[in-house]
Amino acid sequence: HPQRMITASEIRNVINRGEIIEEYPEDSRGHSALLLGISQNKRSIHVVCSPKNDYLAIITAYIPDTGEWSEDYRRRK
């Protein structure tokens, strides 16, 4: 599914310009957060990341499913 591929620049854009929509303070990988951002071609992207002392760990990035998320992709159904 090439249309679901996410580039490194899209992930950087979400991290730099996106908004935190969920936080996971008790995550086993350490405190993490779900960010929502919009790519240059107007698609919504979710990125889960966890700040560490020396780096930002990117846990996952995906295109949110309309069946699982609200219309604006900010709330789970």
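Residues numbered from 1 in each chain as written. Predicted model: local features only at pLDDT ≥ 70, side-chain atom pairs only at ≥ 80, totals over all residues. Heavy atoms only, no water.

Draft legend 1. Broad picture of the sheet that holds strand 3 (residues 44–51). Taking strand neighbours across the sheet as the criterion, the four strands line up as 1-2-3-4 in an open arrangement whose pairing is antiparallel. If you trace the sheet from one side to the other, it starts and ends with strand 1 (19–24) and strand 4 (56–62), each paired once. Here the strands of the sheet are splayed against their neighbours by 25° on average, with no regard to which way each runs. In this sheet, strand 2 (residues 32–38) lies alongside strand 1 in antiparallel orientation, the contact comprising five bridges. Bridge pairing in strand 2 links glutamate 19 to leucine 36. (Pairing = 2+ DSSP bridges. Helix = DSSP H or I, 4+ residues; strand = E, 2+ residues; numbered from the N terminus. Axes fitted to C-alpha atoms, helices over the stretch in contact; angles between N-to-C directions.)

Draft legend 2. Representation of unusual backbone geometry. A positive phi angle is found at lysine 42, which is not glycine, with a value near 70°. Here lysine 42 lies in the loop between strand 2 and strand 3. Even without glycine at this site, tyrosine 73 takes up a positive phi of about 65°. With respect to the secondary-structure elements, tyrosine 73 resides in the segment after strand 4. Judged by relative accessible area, which is 17%, tyrosine 73 ranks as buried. (Buried < 20%, exposed > 50% of the residue type's maximum accessible area, 1.4 Å probe, protein only.)

Draft legend 3. Up close: the environment of isoleucine 63. Take isoleucine 63: it is sitting in the segment after strand 4. Residue classification places isoleucine 63 among the buried residues on the basis of a relative accessible area of 15%. Spatially, the C-alpha atoms of isoleucine 63 and methionine 5 are 8.6 Å apart, while their sequence positions differ by 58 residues. When residues no more than four places from it in sequence are discounted, the contact partners of isoleucine 63 are Arg4, Ile6, Arg43, Ser44 and Ile45. (Contact = heavy atoms within 4.5 Å.)

Draft legend 4. Summary view of the pattern of salt bridges. Considering all chains together, one arrives at six salt bridges under this definition. The salt bridge involving glutamate 19 is made with arginine 74; its shortest N-O contact spans 2.6 Å. Here arginine 74 lies in the segment after strand 4 and glutamate 19 lies in strand 1, a separation of 55 residues in the sequence. Residue classification places glutamate 19 among the partly exposed positions, given a relative accessible area of 32%. Given the relative accessible area of 34%, arginine 74 is considered partly exposed. Salt-bridge contacts for arginine 76 lead to glutamate 22; the nearest nitrogen and oxygen are separated by 3.0 Å. Taken together, the positions of arginine 76 in the segment after strand 4 and glutamate 22 in strand 1 put the pair 54 residues apart, joining distant regions of the chain. Here the residues in one salt-bridge network are Glu19, Asp72, Arg74 and Arg75, joined through shared partners. (Salt bridge = Lys/Arg side-chain N within 4 Å of Asp/Glu carboxyl O.)

No statement about biological role is implied by the geometric values presented.
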